[in-house]
Each structure stands twice: as structure tokens, then as C-alpha cells.
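Structural overview
Read off the chains here:
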Amino acid sequence: EMEEPVLLSGTDGCGTKVKLAIIMDKHDTIGIDAVAMCVNDIACAGGEPLFFLDYIACGKNYPEKIADIVKGVAEGCLQSEAALIGGETAEHPGLMPEEDYDLAGFAVGVCDKKDMITGESLKAGDILIGLASTGVHSNGFSLVRKVFEKELTKEGLNTYYDELGKTLGETLLAPTRIYVKALKAVKEVGVKIHACSHITGGGFYENVPRMLTDGVQAVIKKDSYPVPPIFGMMQKRGDIEEKVMYNTFNMGIGMVVAVDAADAGKAMEAMRAAGDTSYVIGSVEAGEKGVILC
């Protein structure tokens with residue numbers, strides 16, 4: 001039904017989050033992360049994912065473990081309404097320890113050219129909506145592992161913390177939220193998304209400016225939404241300055257969407273109906289291109 005279909009693609013992995021899955025011997029959700037990292041980028045450009053392929057490199061092929069990983073990939077594809085059309089499992093003895101593996105993948109999506117989110121229609125006065133993350137997602141895990149160095153054992157990760165309401169491992173392995181349905185729902189209620197940013201590696205400071213055009217800046221209010229407790233815990237434990245936290249992690253917001261102020265309520269209602277939690281986290285103002293957190 002598209003006037004001018006455009007193909008979009010995204011490729012990514014789960015970073016060193018895989019190391020936690022290996023330590024905990026829990027491999028059934030890391031595949032969701034691999035899919036999420038690719039399809040969220042496609043959704044961010046206005047597209048809907050069509051299909052996904054995964055690539056697993058391992059020291060030794062343990063069929064049950066590979067089946068678990070692929071189970072997560074299949075779940076991610078279900079959540080994003082993408083077809084899992086194939087993949088590759090490569091054994092690398094001598095290159096990787098037997099227990100180790102790495103997971104990556106790529107997705108291809110489609111979008112009508114007129115529906116692409118390019119940032120061209122962004123203007124001062126637009127409202128910034130933040131979609132809640134499920135936690136750390138799949139970025140910043142080298143720093144996470146440094147902060148929790150002493151806890152990086154099966155026993156340590158299975159320790160329950162009152163402030164988290166669950167174990168450390170469950171909190172850190174929580175799969176990346178997939179925002180495909182939320183952004184599709186906004187489009188379906190007739191709201192035009194002016195710009196969109198997937199908050200991945202580089203946090204707010206490196207990702208938000210990508211959605212901006214010259215002459216406008218994003219002003220985000222840090223107290224406009226609840227920051228999940230894991231971030232406060234890491235900041236305190238690692239004695240990490242706040243700017244580094246916002247420059248490494250998503251801090252509770254996985255996607256930032258800019259819409260016309262008159263459409264904000266309608267957009268948020270569509271996101272809620274799609275099962276996502278959203279907050280008004282700031283606005284677009286005239287000024288030098290960049291992001292201001294206040």
C-alpha cells in the first residue's frame with residue numbers, strides 16, 4: 001500500500017552483556033536484546049521491520065545453549081512482528097574459550113518515503129516524549145562489569161537486593177525494550193513524529209543531538225520521570241559522576257520522540273495502548289544544536 005517504499009536496515013550486537021548471560025548460564029533472553037538493538041534503530045527512522053537474521057560465534061557448539069539463544073531471538077522477532085528467516089552459528093575453537101559466545105544480527109525494514117522520520121519537520125516548541133526503558137538495556141556493560149566486579153559470579157548475581165526488588169542478575173539481564181509497536185501505534189493514530197532518537201551507547205549526550213537540526217536544542221528535565229534504582233546503585237557504588245552516567249546509560253529512557261505540542265496527548269495515549277510507559281521529558285527550543293539536561 002506504499003507510494004514509495006524505502007528499505008531500512010540495522011545491524012548490532014549485545015555488547016559485553018553476553019558475559020553476564022554466560023556467568024549466570026541463562027541464555028533465553030539475550031536474543032531479545034540482539035533483535036531489539038536492530039529493530040529499534042529501524043523504528044527510529046520510521047520503518048517497520050520485515051525480517052531478521054542472527055549470527056552466533058561460539059567456542060564450542062552446545063546445542064541446548066544455542067537453542068536457548070535462538071529462543072530469545074524468536075521472541076524478539078515476535079515482539080517486533082519481524083520474520084526470523086535464518087542465521088549462522090560458527091564454532092571458533094582456539095579463538096574463543098569453549099563456554100564463550102557472541103551474538104549479533106541484522107534486520108531489514110520498510111517505510112513509505114513520506115513517513116520517514118528525518119528530523120526535517122522538527123521545530124522549537126515541539127514536545128519531547130520519553131519511552132521508559134526496562135533497565136540498562138544493552139549498552140554500557142563494560143562499565144557495569146567494572147562497578148560490580150566483585151559480584152560477577154553466579155552466586156553474586158543471584159543476590160537479592162531490596163532496593164532493586166529482584167536479584168542483581170535479573171535486573172541487569174532484563175531484555176532491551178522493543179519500541180516497534182509503540183511507534184507504529186503513534187503513526188496509526190495519525191500523529192507525525194518529527195524526530196526520534198534511540199538511546200543506546202553514548203546515552204543522552206551522544207544520541208539526542210542526532211535527531212536535531214541546526215538552530216534547535218533539546219532541553220530535557222531530569223526529574224520529569226522516575227530513574228530505575230539500578231542506575232542510582234551503580235552511580236553510588238562506582239562513584240561515577242552524573243554527566244558520565246547520562247553519557248553512558250539510558251537512565252530509564254530508551255527512546256526519545258519529538259512531536260507537535262498539540263499531538264503529545266494523542267501520541268502518549270497510543271504508546272500506552274501499545275503497552276509502553278511514556279513521559280513528557282522536555283521540549284525543543286531555539287538555540288545551538290545540542291542537548292541540555294537540567
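What counts and how
- Residues numbered from 1 in each chain as written.
- Predicted model: local features only at pLDDT ≥ 70, side-chain atom pairs only at ≥ 80, totals over all residues.
- Heavy atoms only, no water.
- Helix = DSSP H or I, 4+ residues; strand = E, 2+ residues; numbered from the N terminus.
- Rg over C-alpha atoms; globule rule 2.2 N^0.38 Å.
- Buried < 20%, exposed > 50% of the residue type's maximum accessible area, 1.4 Å probe, protein only.
- Contact = heavy atoms within 4.5 Å.
- Areas by Shrake-Rupley, 256 points an atom, 1.4 Å probe, with all protein chains shown as cover.
- Lys, Arg positive; Asp, Glu negative; His and termini not counted.
- Charge placed at Lys NZ, Arg CZ, Asp CG, Glu CD.
- Core = buried A, V, L, I, M, F, W, Y, C linked by side-chain atoms within 4.5 Å.
- Salt bridge = Lys/Arg side-chain N within 4 Å of Asp/Glu carboxyl O.
- Phe/Tyr/Trp six-rings, centres within 6.5 Å; stacked < 30°, edge-to-face > 60°.
- Lys NZ or Arg CZ within 6 Å of the ring centre and 35° of its normal.
- 1 Å grid on protein atoms, 1.4 Å probe; cavity = no way out; pocket = protein on both sides within 12 Å on 5 of 7 lines; lining within 4 Å.
- Points joined across faces, edges and corners; volume = space filled by probe spheres on them.
- Nonpolar A, V, L, I, M, F, W, Y, C, P; charged D, E, K, R; others polar.

1. Comments concerning the overall build of the protein
A tally of regular secondary structure across the protein gives 11 helices and 12 strands. For the protein, whose C-alpha radius of gyration is 19 Å, the value lies close to the compact-globule estimate of 19 Å for 294 residues. Each of the three principal axes of the protein carries a C-alpha extent, and together these read 55 × 45 × 30 Å. For the protein, the proportion of its 294 residues judged to be buried stands at 52%. At a minimum sequence separation of 6, the contacts of the protein that also span at least 24 residues come to 87%. Total accessible area on the protein stands at roughly 12900 Å², and carbon and sulfur atoms take up 51% of it. Side chains of the protein give 28 positive and 43 negative charges; the mean places of these two sets differ by 3 Å.

2. Section: the nonpolar core
The biggest cluster of nonpolar side chains holds 89 residues, and the ones touching the most others in it are Leu172, Ile230 and Met234. It is helix H2 (residues 30-44) that contributes the most residues to this core, 10 residues altogether.

3. Notes on the pattern of salt bridges
Enumeration according to the criterion identifies 14 salt bridges in this entry. Lys184 is paired through a salt bridge with Glu48; the nearest N and O atoms lie 3.8 Å apart. Of this pair, Lys184 sits in helix H7 (residues 180-188) while Glu48 sits in strand S2 (residues 48-58), and the two are 136 residues apart along the sequence. Across the pair Lys114 and Asp112 runs a salt bridge, and its minimum N-O distance is 3.0 Å. Given the relative accessible area of 4%, Asp112 is considered buried. It is possible to trace a salt-bridge network through shared partners that takes in Glu48, Glu81, Lys184 and Lys187.

4. Brief notes about the packing of aromatic side chains
Two aromatic rings are characterised by how far apart their centres lie and by the angle between their planes. All told, the structure shown has three aromatic pairs when counted by the stated rule. Note on Phe231 and Phe249: the rings are 5.9 Å apart at their centroids and 50 degrees apart in plane angle, and the pair reads as tilted. Of this pair, Phe231 sits in helix H9 (residues 229-238) while Phe249 is found in the loop between helix H10 (242-246) and strand S10 (253-259), placing the two residues 18 residues apart along the sequence. Comparing Phe231 with Phe249 shows no difference in burial state: the two are buried. Of note, Lys243 hangs over the ring of Tyr205, and the distance from its end group to the ring centre comes to 4.8 Å.

5. Considering the layout of surface pockets
Space inside the largest pocket adds up to approximately 230 Å³. Around the largest pocket, the lining comprises 16 residues; the ones closest to its centre are Asp115, Ile117, Lys187, Val191 and Ile193. When residues of the lining of the largest pocket are assigned to their parent elements, the largest contribution, four residues, is made by H7. Here the residues of the lining of the largest pocket sort into seven nonpolar, three polar and six charged. For the second largest pocket, the calculated volume is near 190 Å³. Lining the second largest pocket are 13 residues; nearest its centre among them are Cys44, Cys196, Ser197, Arg210 and Met211. Elements that contribute at least two residues to the lining of the second largest pocket include exactly H2 and strand S8 (193-198). No other element matches the four residues that S8 contributes to the lining of the second largest pocket. Its residues assigned to classes, the lining of the second largest pocket comprises five nonpolar, six polar and two charged.

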